[in-house]
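Report on the structure
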Amino acid sequence: MMLVTAIVKPFKLDDVKHTLHELGVDGMTVSEVQGHGRQRGHTEVYRGAEYVVDFVPKVRIEVVVDDETAVQVVDAVTAAARTGQIGDGKIWTVPVQDVVRIRTGERGPDAL
Amino acid sequence: MHVDTGDTAWLLASAALVLFMTPGLALFYGGMVRAKNVLAMMVQNLGAIAVVSVVWALVAYSLAFGPDAGGGFIGTLHLAGLAHATAPVPGLHLAVPPLAFAVFQMMFAVITAALLTGAGADRMRFSGFLVFAAIWVVVVYAPIAHWVFSPQGWLYQRGVLDFAGGNVVEVDSGASALALAVVLGRRHGWPRDVMAPHSLPLTVVGAGILWFGWFGFNAGSALASGQLAAQAFVSTQLAACTGLLGWILVEHRRTGHATTLGAASGAVAGLVAITPACGFVNSMAALLIGFLGGVTGVLAVSAKFRLGYDDSLDVVGVHGACGVVGTLALGLLAMHGAGAHLLGEQALAVAASIAWAFTLTYLVAQLVQRTVGLRVTPQIEVEGLDTVIHAEAAYDFGNVRATRLG
Amino acid sequence: MKLVTAVIKPFKLDDVKTALETFGVHGLTVSEVSGYGRQKGHTEVYRGAEYQVDFVPKVRLDVVVADDDAADVVDVIVKAASTGQIGDGKVWTTPVDELVRVRTGERGPDAL
C-alpha cells in the first residue's frame, strides 16, 4: 500500500477530486498549506511598512491506495493538476506498513 | 429666510445617517465577496465617498438643483462650487440653510454611485472605477435627480412622486448596474465556480447599518422635522420588516431554508421598495409595499442566471426591480392622487430613468474601459484584487506569513 | 522508527490525546484538515445559488514512535477515536528514515 501526497494549486482541487473519483478513489484528506518554491509571492504595504509574502497558498491532498492504483493516481493527478505555470506543485509516494479503518477495525487492503 | 432649528438639526443628522450607509454598504457587500477581494470592495466604496462628494460640490449639485437650463432637463452651473450658498434652493421653500440641503443630497449621490461597486465586484479596477464614478455622477445621476427631485424638473412637473429616491437612486442604480455588468462582462468562472460569501457576519452588520441609515435617507427627505418625517420613518421601519419576512418566506418555500443572507437582503429589499413611497402612503400600505419588495427581490435575483449577466451582488435584482415595484405601487397606494393617471406618470418616470441610466452608463463604462481601463486582467482576477492592486491582505490568522522589508 | 498518521473526527482529539499520554506518547503534531469519503457533506444556499460542500472537517495527528510501539500506538488511537459512525477516519504507518530533535541535535531513537 502507498500513501500518495500531492501539493497542488488550490483552484485545481476540484479537478483532482474528480480525477480520483474516476479512478475509484473515494476518500481523501485535504489540508491547506503554504508553498514556497520558485513561484514568487507578493508584497504587502501597510502605512509605508513593506512585507514580502513568500508563501503561496497550496492544497495538500493525501490518499492511501494499493500499489497498482498508486501509479495510476500519480499519473492522473499530475495531468489534472497541471497548468504549465510555475507553482504547479509536486506529487510523491511513501510506502505504508499498515492502515486501519477506525469505525470497523478493518486492517490492510480491507481498510482501503 | 426663516431657519427652523428643528428642521435643520434633523436634516444635518440625516445627512450623517445617509453618509454612514456607504461604509455600511462596504460591509454588506464586503462580506458577500470572496476573501481575496474584500478590501478592494471596501476601498472602492470609500473612494466613491471621496470622489462623488468632491464632484457634487464642484458641479453635480448645481446640475441637479440649480436653476433650470430649459425644459426641466438639467440645471445650470449657477451653483457650481457651492456658490450662492445662502440663496434659497430654486423651487424649494425650506426652513433650513441651503447648504444643509446640498450636503444632504450629496450623500444620496455618494451611495447611489457606491451601489455600482456591487455590479462590478471581483473584477473592477480601482482607478477605473473612480474615474467612472466621477463622470457617472455628472451625466447620469445629476440629470435624473433634476428631473425628479427639483421642482423645476420635467418629471416633477408632471406630478411624479418620489419621496426619497425610488427613481433617482434605486431604479437609476439598477439600470446603471445592468449596463456596467454588461460592459465588464462575466467574472472568470461565473456561474460555475464557487463564489460564495466569505463572511456573512460582515454582511449582517452592514445590513444593520443600512437599515439604521435609511431612516435618515427616507425620513430626512421630509426636509423638515414633524409629522411627515414621522410618517416616513414609520413606513420605512414597517417596510423593512415585511420585506425581510416576505423574502425568507418565499425563500423557505423554494429552497427549504430561510437564510441569513436572505433575511438581510429582504430587509434591504423592503427598504428599497418603500423609498419612493414612504412619505406618501399610510402605514398599512407601507407594510404591503415592503412585502412586495421582499418577494420581488427574492425572485428577481435569480434572473441573472437565466439571462446570463453577471450582476455580482444583485444590484439589478434588489435595487432595480424593487425600486420599480415601489415606484409603481405608489401610483396605486398614494394617500393623495392615487389612480390610473398617477400610475401612468410613475411608469413614465421609471421608463425614462431606465432608458437614460442604462444608455449613458453603458457609454461612460465603455469610454472608461477603452481609456483608463475598467476591468482587471484575468491574472489579477484569479489571484485576487487585494494583494495585487492594493498590496494588502484582509486577514492574517497564521504564523507563516511574511518578512519585513526595509 | 515509524510515523503513525491518524485522520479522526475533531471532537475525538481530546480522547485520543489523553489515551496517547496514558500510553506514554507525549508529543504529537496536529493539523486541521478536510476529509472526503463516504460521510456526506452538506448544501449551502446563497440568494438561490446552491453549492455542495463535500469536505468534512477532520483533525490529523502525526507522531513518530519506535518500531516496537507502532502497532500498539495504532490500536490505542483506533480505540480512542472510534464512534462506530461513518467518517471515523483512518490510521496508517510509514517507515521513518531519520529523526532529529532540533533543540539538542539528538538523532534516531534518542530523539523520540
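Everything numeric here is computed off the predicted structure, so don't read it as measured data.

Parameters and conventions
Residues numbered from 1 in each chain as written. Chains lettered and ligands numbered in written order. Predicted model: local features only at pLDDT ≥ 70, side-chain atom pairs only at ≥ 80, totals over all residues. Helix = DSSP H or I, 4+ residues; strand = E, 2+ residues; numbered from the N terminus. Buried ≥ 20, exposed ≤ 12 C-beta atoms within 10 Å, placed from the backbone. Contact = placed C-beta atoms within 7 Å. Rg over C-alpha atoms; globule rule 2.2 N^0.38 Å. Pairing = 2+ DSSP bridges. Axes fitted to C-alpha atoms, helices over the stretch in contact; angles between N-to-C directions. Expected span 1.5 Å × (residues − 1). Parallel < 35°, antiparallel > 145°, perpendicular 65-115°, else oblique. Left-handed = near helix turned anticlockwise from the far one by under 90°. Nonpolar A, V, L, I, M, F, W, Y, C, P; charged D, E, K, R; others polar. Core = buried A, V, L, I, M, F, W, Y, C linked by C-beta atoms within 7 Å.

As for the overall build of chain B
Within chain B one finds 15 helices and 1 strand. Along the longest, intermediate and shortest principal axes, the C-alpha atoms of chain B span 65 × 50 × 35 Å. For chain B, buried positions account for 59% of its 406 residues. Summarising the internal contacts of chain B: among those between residues at least 6 apart in sequence, 77% fall at separations of at least 24.

With respect to the overall build of chain A
The helix and strand inventory of chain A stands at 2 helices and 7 strands. Each helix (α) and strand (β) of chain A, taken in turn from the N terminus, gives the series β-α-β-β-β-β-α-β-β. Its C-alpha atoms give chain A a radius of gyration of 17 Å, more than 25% over the compact-globule value 13 Å for 112 residues. Principal-axis analysis of the C-alpha atoms gives chain A an extent of 60 × 30 × 20 Å. For chain A, the residues scored as buried account for 31% of the 112 residues in total. Counting only contacts in chain A whose residues sit at least 6 apart along the sequence, the fraction spanning at least 24 positions is 72%.

Description of the sheet that holds strand β4 (residues 49-53) of chain A
As summarised here, the arrangement of the 3 strands in space is β3(A)-β4(A)-β1(B), forming an open sheet in which the pairing is antiparallel. The sheet terminates laterally at β3 (42-46) of chain A together with β1 (403-405) of chain B, the two strands that pair on one side only. Across the sheet, the axes of successive neighbouring strands diverge by a mean angle of 35°, strand direction being ignored. Note: β4(A) against β1(B), 3 bridges, orientation antiparallel. If you follow A:Val52 over to β1(B), its bridge partner there is B:Thr403.

Quick word on unusual backbone geometry
The step from B:Trp190 to B:Pro191 runs through a cis peptide bond, and the omega angle for that step is -5°. Take B:Pro191: it is sitting in the loop between α6 (166-184) and α7 (200-219). A positive phi angle is found at B:Leu82, which is not glycine, with a value near 55°. Even without glycine at this site, C:Arg47 takes up a positive phi of about 45°. Inspection of the secondary structure puts C:Arg47 in the loop between β3 (42-46) and β4 (49-53).

Quick word on helix α3 (residues 98-115) of chain B
An α-helix turns once every 3.6 residues. As a result, residues three or four positions apart point the same way. In this model α3(B) runs 26 Å from its N-terminal to its C-terminal C-alpha over 18 residues, within 8% of the 26 Å that 1.5 Å per residue would give. With respect to burial, α3(B) is a largely interior element, 17 of its 18 residues being buried.

Here we look at the packing of helix α1 (residues 13-22) of chain A against helix α2 (residues 67-81) of chain A
Describing two packed helices takes the angle between their axes plus the distance from one axis to the other. Residue and element names in this part refer to chain A. Between α1 and α2, the shortest axis-to-axis distance is 9 Å and the interhelical angle comes to 150°. One element, α1, and the other, α2, form an angle in the roughly antiparallel class. Between α1 and α2 the crossing geometry is right-handed. On α2, the residues that touch Asp15, Val16, Thr19 and Leu20 of α1 are Val73, Ala76, Val77, Ala80 and Ala81. Looking at side-chain class alone, the contact of α1 with α2 contains 7 nonpolar, 1 polar and 1 charged residues.

Side note on the interface of chain C and chain A
How large an interface is tends to be reported as the accessible area lost when its parts come together. Taken together, the contact pairs 28 residues of chain C with 20 residues of chain A. Those elements that place two or more of their residues in the side of chain C that touches chain A are β1 (2-8), β2 (29-36), β5 (56-65), α2 (67-81) and β6 (89-95) of chain C. Among the elements that line the side of chain C that touches chain A, the one with the most residues is β6(C), at 7 residues.

Comments concerning the sheet that holds strand β1 (residues 2-8) of chain A
Across the sheet, 9 strands lie side by side as β6(A)-β1(A)-β5(A)-β2(A)-β2(C)-β5(C)-β1(C)-β6(C)-β7(A); this open sheet has antiparallel pairing. Each having just a single partner strand, β6 (90-95) and β7 (98-101) of chain A make up the two edges of the open sheet. Ignoring which end each strand starts from, the neighbouring axes of this sheet average 25° apart. The strands touched by α2(C) within the sheet are β7 of chain A together with β1, β5 and β6 of chain C, with β1(C) carrying the most contacts at an inclination of about 10°.

A word on the interface of chain B and chain C
Contact residues are listed per partner, giving 11 residues for chain B and 6 residues for chain C. Of the residues that constitute the side of chain B that touches chain C, the class distribution is 5 nonpolar, 5 polar and 1 charged.

Points about the pairing of strand β5 (residues 56-65) of chain A
All names here are of chain A. As paired strands, β1 and β5 are joined by 7 bridges and run antiparallel to one another. By the bridge assignment for β5, Leu3 is matched with Val64. Looking at chain direction, strand β2 (residues 28-35) and β5 are connected through 7 bridges and run antiparallel. Counted as the bridge partner of Ser31 is Arg60 from β5.

With respect to the nonpolar core
B:Val52, B:Val110, B:Ala113, B:Val137 and B:Ile289 are the most contacted members of the largest nonpolar core, which totals 152 residues. Sequence-distant contacts of B:Ala113, that is, excluding residues within four places in its chain, are made with B:Ala48, B:Val52, B:Ala133, B:Trp136, B:Val137 and B:Tyr141. Counting residues in each nonpolar core, the second largest holds 46 residues, with A:Met2, A:Leu13, A:Val77 and C:Val63 among its members.

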